[in-house]
Amino acid sequence: MDQNQESVQLLQDIRAGSRQAFDHFYELHIQFVFQIAFQLVREQAEAEDVCHDVFLEVLQKTTQYQPAKGSVKAWLAVKTRSRALDRLRKKKPLLTDEWEQKMGKEESGADLKVLEQIEKDVLFDALKQIPTEQREAIYRSYYQGETHKEIAMTMQKPLGSVKSLIRYGLNNLRKQKSIFHWAKSSGGGNHHE
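Keep in mind that this is a model prediction, so the values were computed, not measured. (Residues numbered from 1 in each chain as written. Predicted model: local features only at pLDDT ≥ 70, side-chain atom pairs only at ≥ 80, totals over all residues. Heavy atoms only, no water.)

Caption draft 1: View of the packing of aromatic side chains. Overall, the coordinates contain four aromatic pairs when judged by the stated rule. Taking the centre distance of 5.9 Å and the plane angle of 25 degrees together, the rings of phenylalanine 34 and phenylalanine 38 count as stacked. On the criterion of helical spacing, the pair formed by phenylalanine 34 and phenylalanine 38 is a turn pair, its members being four residues apart in helix α2 (residues 19–41). Among the residues examined, phenylalanine 34 registers a relative accessible area of 0% and is labelled buried. We note lysine 73 situated over the ring of phenylalanine 32; from NZ or CZ to the ring centre the distance is 4.7 Å. Here the guanidinium or amino end of arginine 167 rests over the ring plane of tyrosine 168, the centre of that ring lying 5.8 Å away. (Phe/Tyr/Trp six-rings, centres within 6.5 Å; stacked < 30°, edge-to-face > 60°. Helix = DSSP H or I, 4+ residues; strand = E, 2+ residues; numbered from the N terminus. Buried < 20%, exposed > 50% of the residue type's maximum accessible area, 1.4 Å probe, protein only. Lys NZ or Arg CZ within 6 Å of the ring centre and 35° of its normal.)

Below, the structure written as structure tokens:
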């Protein structure tokens, strides 16, 4: 089960009243939500408040998520951006207007592109922190779309070593707490292997 399927299942369980499902959903997504919030509001306490608002809304409005419109992460990202901008608007109306003009006021397709870019930036920062060979294997696999066999040939390594590099690299990425300015280390996407 990939992370999105797991998240969809958890949303269904939350809707059915499972506190455990909510806790797990929170653990799975808190880093991602906090990172976007912090990138926008630039203050830890404010970002934490945005996270609180987002997860409260998730708890109260699980039915808002529509799989046809994208992944749970994309849904959370749009929600987080919206809550963060609400907070900025109350504090610094002019700044927010400027920021929104810069971003363009296109529909959610553009929002998702921006949020995907934020996610990529975070990932690139994290990639810089892990060993070179792990970084290269992950980059080739996820950004250049190379198969494990192709990576093995390029890097002149046995196939098993490439798979290990990717697996350890992804584990190391998940442990990169510093880029999230967050004390917990959990969640992270499960990619194909």
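Caption draft 2: Inspection of the packing of helix α3 (residues 44–60) against helix α4 (residues 72–91) at higher detail. Axis separation between α3 and α4 bottoms out at 9 Å; the angle between their running directions is 130 degrees. Looking at the two axes, α3 sits oblique to α4. For the pair α3 and α4, the crossing hand works out as right-handed. For the pair formed by α3 and α4, the contact residues are Glu46, Asp49, Val50, Asp53, Val54, Glu57 and Val58 on the first element and Trp75, Leu76, Lys79, Thr80, Arg83, Ala84, Arg87 and Lys91 on the second. Residue composition of the contact of α3 with α4, grouped by class: six nonpolar, one polar and eight charged. (Axes fitted to C-alpha atoms, helices over the stretch in contact; angles between N-to-C directions. Parallel < 35°, antiparallel > 145°, perpendicular 65-115°, else oblique. Left-handed = near helix turned anticlockwise from the far one by under 90°. Contact = heavy atoms within 4.5 Å. Nonpolar A, V, L, I, M, F, W, Y, C, P; charged D, E, K, R; others polar.)

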